[in-house]
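# Descriptive structure summary
For reference, the chains in residue letters:
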Amino acid sequence: MTAAITACRACGGETLRPFLSLGKTPLADALVRPDDIDAAEQRFPLEVAFCEECTLVQILHDVPPQTLFVDNYLYFSSFSDHLLEHSRAHATNLITSRGLGEDSLVVELASNDGYLLKNFAEQGIPVLGIDPAPDQAAVAIENGIPTLVEFFGVEVAQRLRAEGKQADVIIANNVMAHVPDLDSFVGGMAELIADDGLITVENPWVHDLVQHAEFDTIYHEHFSYYSCTSVHNLMRRHGLFLNDVEYFPDLHGGTLRWHCGPVEDVSDRVREFTALEEAEGVTGFAYYADFGERVQANIDALRALLIERRAAGRTIAAYGAAAKGSTLLNASGIGTDLLDFVVDRNVHKHGLMMPGVHVPVRPTEALLEEQPDDVLILAWNFADEIVAQQAEYVRRGGTFLVPVPTPAELQQAVQSPGGSNVGGAAEDTQTEALS
Ligand code: JHZ
Ligand code: ZN
């Protein structure tokens, strides 16, 4: 069993104020083999708190990273075209803006299957991936991306420095949330980065998580949920500066890319985002205080929607055996009574079952084979991409449903004011103006 942490994982502060409990849930990426269906699954408390000192939002119960990312990790980055395009654009921009060439070194932390570094390698720019997930790293290595198969921290950074390596660019996309020991991780980045180097860090923005009720993105892999304010505080503890920020409202429900480095050069955009967080209250507990109630209302509405459709004789499946789908189904108690199956492009998930609720995962072709009346998009962050791929399912009369920001038929969600994407449907104008 895990013990609850009592001090903030970033600043060590002891005033952690809980505001949401999603009960005890199984690990979101621990899909179940049919042979193991009768074995007891491990469940861990999923409780979220706010640090009064540095404002970091974080979960209170740590599962060992080895269990999460080595023993039970099925996420491969290369299954989303949208993410691949986003990553290619990021690489191209960095190559130009930093003047990267054959004497440079680009290091990616959590390099997964090499989805991002391949863009640099193709241009002859030396790269190094670091990722403890063995199957993903094996794919990267096979594709010619040198990869250290281990967790990154200050010791790895010191070892690389001792070998004479320094990074001109460090990229950490969707990984700083995955780290229980932030001192070692951020300290390691500070150690490895060149004096004039650039660190870019991407993560969903806690502001959008709260605004759009993206509670399903909370699971044990995600130890922390960031704002500009909490990132600034974290970087300062390690001698780094938060110098710039970019906003991608359509990526993972609203992502920020923070530019950090050893030299202070703070942009107006950092000041604007930080001021916005202050003005909207992201930096205070009150912002989160009613989140639990809002989440419960969403869960109730989703269950009611599915029960009503099922009662009307409709068949329902889901799209995306995503980690967030696991949180959603387990926190809402939605299982095989309401969903017949889940489809996913990731071949590593086929034939397995969603953690806890045991809904079977099938290839995406099952949608046309079975033509369920409704499909709940669990990977709602890729709704546009998924719907475009599934035009034939829709042409034959199928309906897509989304769980966030409010459970609804996709059509309604897309047409709601201000949003072309589902996750961004509730985008507030003040934030939009900054994007
Ligand atoms: P997706 C993962 O979360 C895990 P998940 C991780 N902890 C993290 O931080 C975030 O990503 C960033 C499939 N799919 O990416 C692929 C299709 O089948 O939202 C995935 O299984 N067809 C690292 O798992 C799932 O959906 C498609 O067209 O919640 C999407 O999962 C597309 C686009 C995706 O992340
Ligand atoms: Zn703190």
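A quick note: this is a predicted structure, and the numbers were derived from the prediction, not measured.

## A closer look at the packing of helix α5 (residues 154–162) against helix α6 (residues 182–192)
α6 packs onto α5 with a crossing angle of 15 degrees between their chain directions and a minimal axis gap of 7 Å. Put simply, α5 runs roughly parallel to α6. Read as a crossing pair, α5 and α6 show a hand that is left-handed. Residues Val-154, Ala-157, Gln-158, Leu-160 and Arg-161 of α5 form the contact with α6, whose participating residues are Ser-184, Gly-187, Gly-188, Glu-191 and Leu-192. For the contact of α5 with α6, the residue count by class is four nonpolar, four polar and two charged.

## What to know about the sheet that holds strand β12 (residues 316–319)
Across the sheet, which stays open at both edges, the six strands sit in the order β14-β13-β12-β15-β16-β17 with mixed pairing between neighbours. Unpaired on one side and paired on the other, β14 (361–362) and β17 (408–409) mark the two borders of the sheet. Alignment of β12 against strand β13 (residues 342–343), held across two bridges, turns out to be parallel. Each residue of the ladder has a partner; that of Ala-318, found in β13, is Val-342. Contacts from helix α11 (residues 291–311) reach β12, β15 (374–377), β16 (399–402) and β17, with the element oriented near 155 degrees to β16.

## Notes on the site of ligand 1
Residues in contact with ligand 1 amount to 24 residues; listed here are only the nearest, Tyr-73, Glu-221, Lys-324, Asp-344 and Arg-345. Contact distances for ligand 1 include 2.6 Å between an oxygen atom and a backbone N or O atom of Arg-345. In this structure, an oxygen atom belonging to ligand 1 sits 2.8 Å away from a side-chain N or O atom of Lys-349. For the shell around ligand 1, the elements supplying multiple residues, two or more each, are α12 (323–332) and α14 (383–389).

## Thoughts on the coordination of the zinc ion (ligand 2)
Around the zinc ion (ligand 2), the donor atoms from the protein are Cys-8 (SG), Cys-11 (SG), Cys-51 (SG) and Cys-54 (SG), and they sit 2.2 to 2.4 Å away. Note that the zinc ion (ligand 2) binds four donor atoms; their angles at the metal cover 102 to 116 degrees, and the shape is tetrahedral. Positions of the donor residues of the zinc ion (ligand 2), expressed as sequence spacing, correspond to C-x2-C-x39-C-x2-C. Taken as a pair, Cys-11 in the segment before β1 (16–26) and Cys-54 in the loop between β2 (43–51) and β3 (57–59) lie far apart in primary sequence, 43 residues in all. For Cys-11, a relative accessible area of 22% puts it in the partly exposed group.

## With respect to helix α9 (residues 268–280)
Between its first and last C-alpha atoms α9 spans 18 Å; for 13 residues at 1.5 Å apiece the expected length is 18 Å, and the two agree. All buried positions along α9 are accounted for by Val-270, Phe-273, Leu-276 and Glu-277. One side of α9 holds all its buried residues, which, seen down the axis, span an arc of 130 degrees. More than 90 degrees from the buried face of α9, the exposed residues found are Asp-268, Glu-278 and Ala-279. Once α9 finishes, Gly-281 follows within two positions and takes phi at roughly 95 degrees, a positive value.

## A short note on the pairing of β16
Neither face of β16 is exposed, since Thr-399 and Leu-401 on one face and Phe-400 and Val-402 on the opposite face are all buried. Pairing of β16 with β17, which is carried by two bridges, proceeds in the antiparallel orientation. Bridge pairing links Val-402 to Ala-408 in β17. The hairpin formed by β16 and β17 contains five residues between the paired strands.

## Let's talk about the domain arrangement of the chain
According to the domain assignment, the chain consists of domain 1 (77–280) and domain 2 (291–422). For domain 1 and domain 2, the distance between their C-alpha centroids amounts to 30 Å. With 19 residues of domain 1 at the interface, the matching set in domain 2 holds 21 residues. A buried area of about 1900 Å², summed over both sides, lies between domain 1 and domain 2, and 63% of it is on carbon and sulfur atoms. Interface area lost by domain 1 to domain 2 is led by Phe-79, Phe-215 and Asp-216, which between them contribute 39%. At the junction of domain 1 with domain 2, the criterion picks out one salt bridge. We note a salt bridge from Asp-81 to Arg-345, for which the minimum N-O separation is 3.5 Å. Scanning the region where domain 1 abuts domain 2 turns up eleven residue pairs in polar contact (both at pLDDT 80 or more).

## Concerning the side chain of Gln-58
Position of Gln-58 relative to the elements: it lies in strand β3. In terms of polar contacts, Gln-58 uses its side chain to reach the backbone carbonyl oxygen of Leu-56, at 3.2 Å. If near-sequence neighbours (up to four positions away) are discounted, Gln-58 is found in contact with Ile-5, Cys-8, Arg-9, Leu-16, Glu-47, Val-48, Ala-49, Cys-51, Phe-223, Ser-224 and Tyr-225.

## Side note on the nonpolar core
Counting residues in each nonpolar core, the largest one holds 52 residues, and the members touching the most others are Phe-19, Ile-218, Tyr-288, Phe-291 and Met-354. Here this core gets six residues from one element, more than from any other, and that element is α11. Counting contributing residues per domain, this core is built from domain 1 (77–280) and domain 2 (291–422), each supplying no fewer than three. The residues touching Phe-19, leaving out its near neighbours within four places in the chain, are Val-48, Ala-49, Phe-50, Val-57, Phe-285, Tyr-288, Phe-291 and Gly-292.

The rules we used
Each chain has its residues counted from 1, following the order in which its sequence is written. Lettering for chains starts from A, numbering for ligands starts from 1, and both go in the order in which the items are written. At least 70 in pLDDT is required for a residue's local features to be given in this predicted model, at least 80 for side-chain atom pairs to be given and counted, and no such filter applies to totals for whole chains, interfaces and linings, which use all residues. Excluded from the side-chain calculation are hydrogens and water; included are all heavy atoms of the structure. Helix axes are fitted to C-alpha atoms over the stretch in contact, other axes to C-alpha atoms as well, and angles between N-to-C directions run from 0 to 180 degrees. Counting from the N terminus, the helices are the DSSP runs of H or I reaching at least four residues and the strands are the DSSP runs of E reaching at least two. Roughly parallel covers angles under 35 degrees, roughly antiparallel covers those over 145, roughly perpendicular covers 65 to 115, and oblique covers all other angles. Two helices cross in a left-handed way if the nearer one is turned anticlockwise from the farther one by less than a right angle. They cross in a right-handed way if the turn is clockwise. Here, two residues are considered to be in contact whenever any of their heavy atoms come within 4.5 Å of each other. Charged means Asp, Glu, Lys or Arg here, nonpolar means Ala, Val, Leu, Ile, Met, Phe, Trp, Tyr, Cys or Pro, and polar covers whatever is left, Gly included. When DSSP locates at least two bridges between a pair of strands, those strands are taken to pair. For this description, a residue counts as near a given molecule or strand if any of its non-hydrogen atoms is within 4 Å of it. Any pair of N or O atoms that falls within 3.5 Å is considered a polar contact. Within protein, one atom must be able to donate a hydrogen and the other to accept it, and sequence-neighbouring residues count only if both atoms are side-chain atoms. Atoms of type N, O and S within 2.8 Å of a metal are treated as its donors, and for Na, K and Ca the window is 3.2 Å; water is not considered, so some sites may appear to be missing partners. Metal sites are grouped by the angles between bound donors: all angles between 85 and 135 degrees with four donors is tetrahedral, opposite donors over 155 degrees apart with the others between 65 and 115 is square planar for four donors and octahedral for six, and any other pattern is irregular. Relative accessible area decides the class of each residue, using a 1.4 Å probe on protein chains only: under 20% of the type maximum gives buried, over 50% gives exposed, and in between gives partly exposed. How far a helix is expected to stretch is found by multiplying one less than its residue total by 1.5 Å. Our arc is simply the arc of the directions from the helix axis toward the C-beta atoms. Bear in mind that the domain bounds are from an automatic or database domain assignment. By definition, the buried area sums, over both parts, the 1.4 Å-probe accessible area that each loses when the two are put together. Throughout this description, the term salt bridge denotes a Lys or Arg side-chain nitrogen within 4 Å of a carboxyl oxygen of Asp or Glu. Put simply, buried Ala, Val, Leu, Ile, Met, Phe, Trp, Tyr and Cys residues joined by side-chain atoms within 4.5 Å make one nonpolar core.

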